[in-house]
Amino acid sequence: MKKILLILILSLFFIKIALADIGLNCFTKNFNTRDTQTKEIKYKEVKPSQFTVNIEELGGGKVIARTFPSEHSGNICSPFIGDVTDSRVKMKCLVDLKYPKAGTDFLLDRYTGNFIIEAYAVDRKYGWFLQETGTCKWVEKKF
């Protein structure tokens, strides 16, 4: 009985760690636009603008993330829903239910902390029209 109780307590401890929230402090460094007609891309390096992301692991490789923009970063789609692996987090956010193939993708490399946010106007097959790139750092909650 003691062994079962010990296993139950240890499993609850590890489940809490596996399903813990991940706090990120992200900085946008590049802001790229693509002309939908000519497919010409304009790259623009910007002063790093900060926003925070709170990712909650739902289990089974699924995550939900909420973004909290600062006054410098502008409006970022939220919430993102997606999948997580050992190496990356891939999430999508729908802007309008009329256009379910439009929206925003958030890709995060878990090793380097580099992220890409790509916005799609009507359909992902036409490619993104707005792209932000930068880096994220893990932060520990203060309270």
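See above for the structure.
Trainee: I would appreciate a short explanation of the state of the cysteines in the present structure.
Mentor: In a disulfide, the sulfur atoms of two cysteines are covalently bonded to one another. Counted by the stated rule, this structure contains two disulfides. In this model, Cys26 is linked to Cys136 through a disulfide, with the two sulfur atoms separated by 2.0 Å. A torsion of 105° about the S-S bond marks the disulfide between Cys26 and Cys136 as right-handed. Within this pair, whereas Cys26 is found in strand E1 (residues 21-34), its partner Cys136 is found in strand E9 (residues 130-139), the two being separated by 110 residues in sequence. The exposure classification of Cys26 matches that of Cys136, with both residues buried. A sulfur-sulfur separation of 1.8 Å characterises the disulfide bridge that pairs Cys77 with Cys93. Disulfide Cys77 to Cys93: torsion about the S-S bond roughly -65°, handedness left-handed. Taken together, the residues span a long stretch of sequence, with Cys77 in the loop between strand E4 (62-69) and strand E5 (80-84) and Cys93 in strand E6 (residues 88-93) at a distance of 16 residues. Overall, the relative accessible area of 19% leaves Cys77 in the buried class.

Trainee: What should I look at first to understand the nonpolar core in this one?
Mentor: If you look at soluble globular proteins, the nonpolar side chains tend to sit buried side by side. Among the nonpolar cores identified, the biggest contains 20 residues, and Ile55 and Phe106 are the most heavily contacted of them. Secondary structure elements with two or more residues in this core: E1, strand E3 (45-59), E4, E5, E6, strand E7 (103-109) and strand E8 (114-120).

Trainee: Please explain unusual backbone geometry as it appears in this structure.
Mentor: Generally, phi is negative for residues other than glycine and the peptide bonds are trans, each holding for most cases. Across the junction of Ser78 and Pro79, the peptide omega takes the value 0°, indicating a cis bond. Mapped onto the elements, Pro79 comes out in the loop between E4 and E5. The residue Lys39 is not glycine, and still its phi comes out positive at about 65°. By the element assignment, Lys39 lies in the loop between E1 and strand E2 (41-42).

Rules and cut-offs
- Residues numbered from 1 in each chain as written.
- Predicted model: local features only at pLDDT ≥ 70, side-chain atom pairs only at ≥ 80, totals over all residues.
- Heavy atoms only, no water.
- Disulfide = S-S within 2.5 Å.
- Helix = DSSP H or I, 4+ residues; strand = E, 2+ residues; numbered from the N terminus.
- Buried < 20%, exposed > 50% of the residue type's maximum accessible area, 1.4 Å probe, protein only.
- Core = buried A, V, L, I, M, F, W, Y, C linked by side-chain atoms within 4.5 Å.

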